[in-house]
Amino acid sequence: MAKQYFKPGNMLYPLPAVMVSCQYPAGKEDVLCTNPDLAGKPNIITVAWAGTICTNPPMLSISVRPERYSYHMIETSGEFVVNLTTEQLVRATDFCGVRSGKDIDKFKEMHLTPLPSKEISAPGIAESPVNIECKVREIKPLGSHTMFLADVVNVTVDDAFFDEKNTFHLNNTGLVTYSHGAYFLLGKKLGTFGYSVARNGNNLRFLAFLFCKDTDASITAYFLLHISAV
Ligand SMILES: Cc1cc2nc3c(=O)[nH]c(=O)nc-3n(C[C@H](O)[C@H](O)[C@H](O)COP(=O)(O)O)c2cc1C
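About the criteria used
Residues numbered from 1 in each chain as written. Predicted model: local features only at pLDDT ≥ 70, side-chain atom pairs only at ≥ 80, totals over all residues. Near = placed C-beta within 6 Å. Helix = DSSP H or I, 4+ residues; strand = E, 2+ residues; numbered from the N terminus. Nonpolar A, V, L, I, M, F, W, Y, C, P; charged D, E, K, R; others polar. Core = buried A, V, L, I, M, F, W, Y, C linked by C-beta atoms within 7 Å. Buried ≥ 20, exposed ≤ 12 C-beta atoms within 10 Å, placed from the backbone. Contact = placed C-beta atoms within 7 Å. Pairing = 2+ DSSP bridges. Axes fitted to C-alpha atoms, helices over the stretch in contact; angles between N-to-C directions. Arc of directions from axis to C-beta.

Around the ligand, a shell composed of 22 residues is seen, among which Trp49, Ser70, Gly97, Ser100 and Gly101 lie nearest. When residues of the shell around the ligand are traced back to their parent elements, those giving at least two are β3 (43-47), β5 (59-64) and α1 (69-77). Here the element with the most residues in the shell around the ligand is β3; it accounts for four residues. Its residues assigned to classes, the shell around the ligand comprises nine nonpolar, eight polar and five charged.

Our focus in this paragraph is the nonpolar core. One recurring pattern in soluble globular proteins: nonpolar side chains tend to sit buried together. Counting residues in each nonpolar core, the largest one holds 34 residues, and the members touching the most others are Val18, Val20, Ile44, Val47, Phe80, Val81 and Val82. For this core, the element with the highest residue contribution is strand β2 (residues 18-22), accounting for four residues. If we skip the residues at most four places from it in the chain, valine 81 touches Val20, Ser21, Ser117, Ala122, Pro123, Gly124, Asn131, Ile132, Glu133 and Cys134.

Bringing the sheet that holds strand β10 (residues 146-157) into the picture now. Spatially, β3-β2-β6-β9-β10-β5-β4 is the arrangement adopted by the seven strands of the open sheet, whose pairing is antiparallel. Strands with a single pairing partner mark the edges of an open sheet, and in this sheet they are β3 and β4 (50-54). If you compare each strand with its neighbour and ignore which way they point, the axes differ by 35° on average. Bridge analysis of β4 against β5 gives four bridges, and the strand direction is antiparallel. Counterpart to alanine 50 in the pairing with β5 is isoleucine 62. Contacting β2, β3, β5, β6 (79-83), β9 (130-141) and β10, α1 runs over the sheet at an angle of about 55° to β2.

Next up on the list: α1. Every buried residue of α1 is listed here: Ser70, Met73 and Ile74. In a view along the axis of α1, the buried residues occupy a sector of 95°, so they form one face of it. Considering only its buried residues, α1 is in contact with β2, β3, β5, β6, β9 and β10. Remark: glycine 78 follows α1 within two positions and exhibits a positive phi of approximately 70°.

Listed below in structure tokens is the structure:
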């Protein structure tokens, strides 16, 4: 099998491409804001270098270049909202990743609605199906990017994606993923967690139950091993 070596680089794909909303704290002078019309307004930055990093406590990280306008908003306020992106939001996602909030109001330009958050001051984006409110716990300069390690302090989900049994169907929201420079709509379902070793429908149902109760893969895998052993 012929293979080629690439120089070391970022090749971990696919990734989420999320819209991160943030806002400079009220009452503090935003020295980087040169346009008085934009003073105090929330901003949106598209981020692909993002990931879940801990189940309990729930934590995630985003990596942002210090030269981004949003960087100082997040650093100063210590908070941000991760808004998941969908097919309907893909143009806005791209726009918020190529234009700076220094010059324009991205909420206004993209006809997006600020959604008041429950636990933090920065608003989410109402058009996103999932808004993850975060408080920064640690700031780690890494090189080109600085990583914000953050606690998830609230998650807001859209009522439209609940069924009659009050189960939330995230995979019906039209989620978008980013891979090697392009956006993709999440594709065909190929299996559910643990399907490769589940023996029958009951096991699958039990696994689905566990997965809904606790999305920590290691706990579910532990149960899975025990089920398949009997
Ligand atoms: C798909 C995509 C992913 C991006 N991911 C990141 C990222 O992970 N970190 C980052 O600092 N910039 C990232 N960017 C670039 C910023 O979103 C972009 O520079 C943006 O205009 C910054 O906005 P601001 O100046 O209002 O902060 C990404 C852009 C796109 C289009």
